[in-house]
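Coordinate inspection notes
Residue strings, one per chain:
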Amino acid sequence: MPYDLQTWIKVAAFAGGGLAMGFGAIGAAIGEGYTAAQANSALARNPGSVGTIFKSMLVGQAIAESASIFALVIAMILLFSNFTATSYVTVAGLLGAGLSIGFGAIGSGVGSGFPAGAACIGMGRQPAMSGRLTTNMLIGSAVCQTPSIFALVTSFILIFSDFSKVPVNPAWAALLGAGFASGLGAIGSGIGGGVVAEASCEGIARHPASVRQVTNIMLLGQAITQTPAILGLLVSFILIFKKFTATDAIAPGMALLSAGLCMGIGAIGPGLGEGIASSGGVRWIARNPAFTGTLTRTMLVGMAVAESTAIYSMVIALVLVFVV
Amino acid sequence: MMESVRETQKKYCSRAMTAAILIGFGLILAGQTPMGKGVILGTLFSVINFILIGETLPLKLGKSKEKTFFLSLGSVMVRNLLMAVPLILALKFDQFNLFATIGGLFLVQLMILADHLLSRISQTQKSQI
């Protein structure tokens with residue numbers, strides 16, 4: 001039995017919605033679970049600070065959940081909107097939207113759990129620093145949400161743009177590729193940003209005097225850790241907005257899909273690696289603030305080297321889009 | 001233990017609801033009734049979600065990492081089902097603006113961030129004086 005366009009649109013919207021919420025719930029749950037596990041450890045160490053630790057856990061979990069709410073928003077739009085389309089490209093756009101936010105919410109959810117957990121442990125150690133730790137945790141967790149916001153933006157563009165005038169082949173592959181580039185590209189940066197913020201909360205609890213340097217370097221480290229996700233967003237924008245000529249061949253479409261996959265998968269490792277490099281810098285600056293300059297330089301060099309593989313992925317993705 | 005959590009919930013929930021009512025009222029006065037209603041609807045469910053996070057906290061303590069993960073996953077799923085209600089309403093009925101409803105869903109988180117950032121700024125200014 002042949003299916004008409006409207007049926008395929010519904011199929012794509014339902015599948016996209018399921019993918020968005022299914023993948024989108026994973027990260028927040030891991031982040032929340034990690035926070036609760038660290039709160040246990042902090043409570044066992046310092047049962048007297050139960051109120052402060054519980055408050056921190058509550059606030060940390062509320063922020064960690066934001067990424068899964070982004071996924072929920074996209075899933076609901078996909079499931080309950082009436083999409084009237086005149087082109088099969090919309091099918092790929094809706095699937096791409098679900099993939100983008102589903103994958104994109106994983107890293108931010110996991111990452112935001114790290115600073116929340118470290119803040120709980122820190123409060124067990126240094127109850128007097130709970131105010132500074134909470135602020136630092138909130139800033140760190142909020143920055144962790146940035147990659148999932150990139151994925152959310154891509155999803156909105158894929159859902160609300162009019163693709164009726166673009167050729168079905170190869171645009172279908174470009175839109176799916178955009179979802180992969182933006183969604184998978186956000187995973188490493190989200191977790192990496194969380195690793196940096198965790199080290200910063202731990203550092204403040206161990207050496208409260210170093211709070212100013214630690215917070216500043218944390219923000220610098222988190223900003224650089226976001227670059228693989230930005231590269232993913234860039235490639236996804238190129239895939240969405242570039243004008244393609246219609247073709248019957250399958251190879252151009254596969255090249256565009258591969259470009260998205262290449263950038264998305266290629267950004268995971270660098271995001272994580274940069275987060276680990278930056279967390280080392282932050283951790284040791286907290287212990288030895290007198291060497292902030294030297295430690296920051298070493299950290300930045302390490303992060304730049306870790307970034308290089310994301311740049312290789314971007315180069316190959318651009319070759320696949322513009323040359324092949 | 002739970003008193004301290006409830007105090008925190010009361011503080012942020014009342015601020016979020018007050019902000020939502022003021023913003024919503026302002027939007028309704030400006031002729032943007034669906035947006036005003038959307039903000040209030042989204043915030044109401046955001047507040048309920050925040051209260052539920054606090055109420056489920058004791059369930060997650062004293063368990064193994066695996067149990068905590070699965071309890072968290074269940075808790076996220078149940079609360080996400082609840083958060084889906086205002087979005088479905090906004091998508092199905094024209095009297096609620098979808099984007100204003102989405103904004104309302106994040107008002108509690110925005111209040112938490114704003115509270116800590118503003119208090120940090122005022123403390124820094126005091127220490128400079």
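What about the overall build of chain A?
- When you go through chain A residue by residue, the secondary structure sums to eleven helices and zero strands.
- Counting from the amino terminus, chain A carries its helices and strands in the arrangement α-α-α-α-α-α-α-α-α-α-α.
- Since a compact globule built from 324 residues should have a radius of gyration of about 20 Å, the 21 Å found for chain A is in line with a globular shape.
- Its C-alpha atoms put chain A at 70 × 40 × 20 Å along the principal axes.
- Intrachain contacts of chain A at a sequence separation of at least 6 include 91% that bridge at least 24 residues.

Looking at the overall build of chain B
- Of regular secondary structure, chain B possesses five helices and zero strands.
- Each helix (α) and strand (β) of chain B, taken in turn from the N terminus, gives the series α-α-α-α-α.
- With the C-alpha coordinates of chain B rotated into their principal frame, the extents come out at 50 × 50 × 20 Å.
- Put simply, chain B has 129 residues, and 39% of those count as buried.
- Taking the intrachain contacts of chain B between residues at least 6 apart in sequence as the baseline, contacts between residues at least 24 apart amount to 72%.

Quick notes on the interface of chain A and chain B
- Facing the 35 residues of chain A at the interface are 34 residues of chain B.
- Elements with a minimum of two residues in the side of chain A that touches chain B: α1 (5–45), α2 (50–64), α3 (66–80) and α5 (130–144) of chain A.
- Residue classes in the side of chain A that touches chain B are distributed as 23 nonpolar, nine polar and three charged.

A word on the confidence of the model for chain B
Residue and element names in this part refer to chain B.
- In the predicted model, chain B carries a mean pLDDT of 86, and 95% of its residues have values of at least 70.
- Element-level mean pLDDT values for chain B span from 82 in helix α5 (residues 107–128) up to 92 in helix α4 (residues 98–105).
- As scored by the predictor, the complex reaches a pTM of 0.87 and an ipTM of 0.71.

Observations regarding unusual backbone geometry
- A cis amide bond links N169 of chain A to the next residue, P170 of chain A, at an omega of 20°.
- Note that P170 of chain A resides in helix α7 (residues 168–206).

A few points about the environment of A62 of chain A
- By the element assignment, A62 of chain A lies in helix α2.
- We classify A62 of chain A as buried; it has 25 C-beta atoms within 10 Å.
- For the pair formed by A62 of chain A and G31 of chain A, sequence separation is 31 residues and the distance between their alpha carbons is 11 Å.
- If we skip the residues at most four places from it in the chain, A62 of chain A touches F50, I53, V108, Q109 and I112 of chain B.

Considering the packing of α3 of chain A against helix α3 (residues 65–92) of chain B
- Here α3 of chain A crosses α3 of chain B at 45°, and the two axes come no closer than 9 Å. The angle between the axes of α3 of chain A and α3 of chain B places the two elements in the oblique class. In the crossing of α3 of chain A with α3 of chain B, the sense of the turn from one axis to the other is right-handed. Residues S68, I69, L72, V73, M76, I77 and F80 of chain A of α3 of chain A touch α3 of chain B, and the partners they reach there are V76, N80, M83, A84, L87, I88, L91 and K92 of chain B.
- Among the residues making up the contact of α3 of chain A with α3 of chain B, the classes are represented as twelve nonpolar, two polar and one charged.

Basis of the calculations
- Residues numbered from 1 in each chain as written.
- Chains lettered and ligands numbered in written order.
- Predicted model: local features only at pLDDT ≥ 70, side-chain atom pairs only at ≥ 80, totals over all residues.
- Helix = DSSP H or I, 4+ residues; strand = E, 2+ residues; numbered from the N terminus.
- Rg over C-alpha atoms; globule rule 2.2 N^0.38 Å.
- Contact = placed C-beta atoms within 7 Å.
- Buried ≥ 20, exposed ≤ 12 C-beta atoms within 10 Å, placed from the backbone.
- Nonpolar A, V, L, I, M, F, W, Y, C, P; charged D, E, K, R; others polar.
- pLDDT = per-residue confidence, 0-100.
- Axes fitted to C-alpha atoms, helices over the stretch in contact; angles between N-to-C directions.
- Parallel < 35°, antiparallel > 145°, perpendicular 65-115°, else oblique.
- Left-handed = near helix turned anticlockwise from the far one by under 90°.

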